[in-house]
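# Fold and contact review
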Amino acid sequence: MQHGSTRTIVKLEDVWVHFDGVSVLEEVNLSINQHDFLGIIGPNGGGKTTLLKVILGLLKPSRGKVTVLGHTAEEGRKFVGYVPQYSLFDHEFPVSVWGVVLMGRLGHKKPFRDYSEADKKLAHDSLETVEMLDFKDAQIGKLSGGQQQRVFIARALVAEPKLLLLDEPMASVDSPMQTELYELFEKLRQRMAIVLVSHDISAVSIYVDKIACLNRRLFYHNSKEITAEDLEATYQCPVEIIAHGVPHRVLKEHK
Amino acid sequence: MIEILQYEFMRNALIAALLASIACGIIGVYVVVKRIVFISGGIAHAAFGGIGLGYFLGVNPVLGVIPFSIAAALSMGVVSKRTKIPEDTAIGILWVMGMALGVIFVALSPGYAPELFGYLFGSILTVPTSDIILMLSLNAAIIAVVFSLHREFQAISFDEEYATTIGLPTERLYLLLLCLIALTVVLLIRIVGVILVIALLTIPAAMSRQFTHRLSSMMFLSVFLCAVFTIGGLWLSYAFDLPSGAMIVLVSGTAFILSTVSTGLYAHRRFL
């Protein structure tokens, strides 16, 4: 392995996605490196979830190339932890927190076999990391939005991913819990690259260290700097309104 | 009650009810939690084509149902996953085509089809011993598959897309689950008939869900409820001399309504 140097986890080259002839992503180029904590902002319908699905190999781009640690997106899945958008599951589903977290090991365990002691240890440790071990026997639907989000993060962590993809993780989470989640991500980035996607510009806080804007096209300078033009092109409205409430550290003067 | 057990047809009926309850309780839980009641109804009705095929070929109609319902399950699964036709539309079309094929096969068969009504609405009192053996082996197959793949089935029921992202072969697992539903339909045809099968695939599982939040406990409870409903319905049909399949369905439905109302009232009272 390349110690010391920065390893590229995901590389997208000239990626285009069309749905029924309408383009959703155009000419997207993106490199995500080890230890990156990248926030991707953009309006609803701007292609953020589509971009995540392309990285996960759930959607095949109509043009361009995706590589995950040198593999195709589909083969690279085992290196990627995914935390889908909240509310996409049946809250009455009969499964405990423990059962949900163990599901994250299914891709790694041998088929037809029970979970091994190592799988259970990983599930235990992941729940400890997200501070949800006390809730392991609770039914998943009984938890609050923020607690569920933590469980889904633990489910992604049990597979020991090199990259964590978070789709709108702050939706349905109240503000004190949001700060706690960011502190959790800060802790996790020692171990993996993190990509956080949000339509809410203020939700992408000072914790991320790189920002990209996405609205069909991706505006990204491999840094935390975004220009007024980028924002305007992304949101297609005057920047002053959008930039309001954004920490100054995010909007540096772009030269 | 005991004296009716001296008749072989009654003993067979009871054994058949218990055997059907095992498969129906286990697979019904997946039908309910994965919300695939409609596709299961489609498979059950399309299975009528297999009954027609059995008549046409002059073999035991239940033997015609096995390949036919599996073919129906696979084609519904593949068409709804891989084509742009909306899933419910695809199911609706294959549902009626299966039944129509059954009618054509029966019309083409020489002679008269005497037990046709029984296959449509159940004829638990006419289960021959050969069918009991078939039911035993189908149960064994279903239990073996669920026992070895229940973690995977739980994952695709909870969130199929997420299951794909962790590298599970979700489409193949889903098709396998549909085949298990098809085999359960075969088991249930003798009990309630193709038209009423969906009642036993949904009601016991849906009712067990009101009492537990664990998939495995749901399965045990729904096997138990299914057995109670079929035997209770059988006894009522004997006592009042009414059709057994319909009685079993009415007993199940009534129990579900009573259970829903009473648990709802209980939840309501706690807030007062």
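No experiment lies behind these values; they were computed from the predicted model shown. (Residues numbered from 1 in each chain as written. Chains lettered and ligands numbered in written order. Predicted model: local features only at pLDDT ≥ 70, side-chain atom pairs only at ≥ 80, totals over all residues.)

Attention now moves to the overall build of chain A. Of regular secondary structure, chain A possesses 8 helices and 9 strands. By residue count, 41% of the 255 residues in chain A fall in the buried class. Once local pairs closer than 6 in sequence are excluded, the contacts in chain A between residues at least 24 apart make up 68%. (Helix = DSSP H or I, 4+ residues; strand = E, 2+ residues; numbered from the N terminus. Buried ≥ 20, exposed ≤ 12 C-beta atoms within 10 Å, placed from the backbone. Contact = placed C-beta atoms within 7 Å.)

Moving on, we come to the overall build of chain B. Each helix and strand in chain B was counted, giving 12 helices and 0 strands. Helices and strands appear in chain B in the N-to-C order α-α-α-α-α-α-α-α-α-α-α-α. In summary, chain B has a C-alpha radius of gyration of 19 Å against a globular reference of 19 Å for 272 residues, a match within 12%. Seen along its three principal axes, the alpha-carbon backbone of chain B occupies a region of about 55 × 50 × 30 Å. Among the 272 residues that make up chain B, the fraction classed as buried is 51%. Taking the contacts inside chain B whose residues are at least 6 apart along the sequence as the reference set, 73% of them involve residues at least 24 apart. (Rg over C-alpha atoms; globule rule 2.2 N^0.38 Å.)

Residues and elements named next belong to chain A. The first and last C-alpha atoms of helix α6 (residues 175–188) sit 20 Å apart over 14 residues, in line with the 20 Å expected at 1.5 Å per residue. Those residues of α6 that sit buried are Leu 181, Tyr 182 and Leu 188. In a view along the axis of α6, the buried residues occupy a sector of 115°, so they form one face of it. Those residues of α6 that are exposed and aimed more than 90 degrees away from the buried face are Pro 176, Glu 183 and Lys 187. Looking at the packing, one finds that the buried side of α6 touches α5 (145–157), β6 (163–167) and β7 (193–198). (Expected span 1.5 Å × (residues − 1). Arc of directions from axis to C-beta.)

Glancing now at the sheet that holds strand β2 (residues 22–33) of chain A. All names here are of chain A. Spatial ordering of the open sheet is given by β2-β1-β4, a layout of 3 strands whose pairing is antiparallel. Whereas interior strands pair on both sides, the edge strands pair on one side only; in this sheet they are β2 and β4 (63–68). Across the sheet, the axes of successive neighbouring strands diverge by a mean angle of 15°, strand direction being ignored. Relative to β2, strand β1 (residues 8–19) is paired through 8 bridges, and the arrangement is antiparallel. Residue pairing across strands places Lys 11 opposite Ser 31, the latter belonging to β2. (Pairing = 2+ DSSP bridges. Axes fitted to C-alpha atoms, helices over the stretch in contact; angles between N-to-C directions.)

Once that is clear, we can look at the confidence of the model for chain B. Residues and elements named next belong to chain B. Looking at chain B, pLDDT values average 91 and 97% of them are 70 or higher. Helix α12 (residues 244–270) is the least confidently modelled element of chain B, averaging 86 in pLDDT, while helix α10 (residues 197–208) averages 96, the highest of any element. Scoring of the predicted complex yields 0.89 for pTM and 0.85 for ipTM. (pLDDT = per-residue confidence, 0-100.)

Residues and elements named next belong to chain B. As for its position among the elements, Leu 74 is in helix α4 (residues 61–82). Classification of Leu 74 as partly exposed rests on a count of 16 C-beta atoms within 10 Å. Note: C-alpha distance between Leu 74 and Ala 199 (125 residues apart in sequence) is 22 Å.

Moving on, we come to the environment of B:Val65. Residue and element names in this part refer to chain B. When you line up the elements, Val 65 lands in helix α4. Considered as a pair, Val 65 and Gly 50 are 15 residues apart in the sequence and their alpha carbons are 4.0 Å apart. Apart from residues lying up to four places away in sequence, Val 65 is in contact with Ala 47, Gly 50, Ile 51, Gly 54, Val 186 and Ile 189.

Here the focus is the confidence of the model for chain A. In the predicted model, chain A carries a mean pLDDT of 84, and the fraction of residues at 70 or more is 85%. Predicted confidence is poor over residues 238–255 of chain A, with pLDDT under 50, and the contacts of this stretch with residues over four places away or in other chains come to 21 contacts.

This part takes up the sheet that holds β7(A). All names here are of chain A. Taken in spatial order, the 6 strands of this open sheet run β5-β6-β7-β3-β8-β9, and their pairing is mixed. One side of each edge strand has no neighbouring strand; the edge strands of this open sheet are β5 (80–83) and β9 (217–220). Sheet twist, expressed as the average angle between the axes of neighbouring strands with direction ignored, equals 20°. Strand direction decides the pairing type here: strand β3 (residues 37–41) and strand β8 (residues 210–215), joined by 4 bridges, are parallel.

The next point concerns helix α5 (residues 87–108) of chain B. Residue and element names in this part refer to chain B. In this model, α5 (22 residues) spans 32 Å end to end at C-alpha, consistent with the 32 Å of a helix rising 1.5 Å per residue. Among the residues making up α5, those that are buried are Ala 90, Ile 91, Leu 94, Trp 95, Gly 98, Met 99, Gly 102, Phe 105 and Val 106. For α5, the arc enclosing every buried residue in end-on projection is 155°, short of the 170-degree limit, so these residues lie on one face. Across α5 from its buried face, at more than 90 degrees, point the exposed residues Thr 89, Ala 107 and Leu 108.

Further remarks concern the environment of B:Phe48. All names here are of chain B. Along the chain, Phe 48 falls in helix α3 (residues 48–57). Since 30 C-beta atoms lie within 10 Å of it, Phe 48 is described here as buried. Ignoring sequence-local partners within four residues, the contact set of Phe 48 consists of Gly 98, Met 99, Gly 102 and Val 194.

On to the packing of helix α1 (residues 8–33) of chain B against helix α7 (residues 129–158) of chain B. Residue and element names in this part refer to chain B. Across the interface, α1 lies against α7 with an axial gap of 10 Å and an inter-helix angle of 20°. Relative to α7, the element α1 is oriented roughly parallel. Note on packing geometry: the crossing formed by α1 with α7 is left-handed. Taken together, the residues of α7 that come into contact with α1 (itself represented by Asn 12, Ile 15, Ala 16, Leu 19, Ala 20, Ile 22, Ala 23, Ile 26, Ile 27, Tyr 30 and Val 33) are Thr 129, Ile 132, Met 135, Leu 136, Leu 138, Asn 139, Ile 142, Val 146, Phe 153 and Ser 157. Here the residues of the contact of α1 with α7 sort into 17 nonpolar, 4 polar and no charged. (Parallel < 35°, antiparallel > 145°, perpendicular 65-115°, else oblique. Left-handed = near helix turned anticlockwise from the far one by under 90°. Nonpolar A, V, L, I, M, F, W, Y, C, P; charged D, E, K, R; others polar.)

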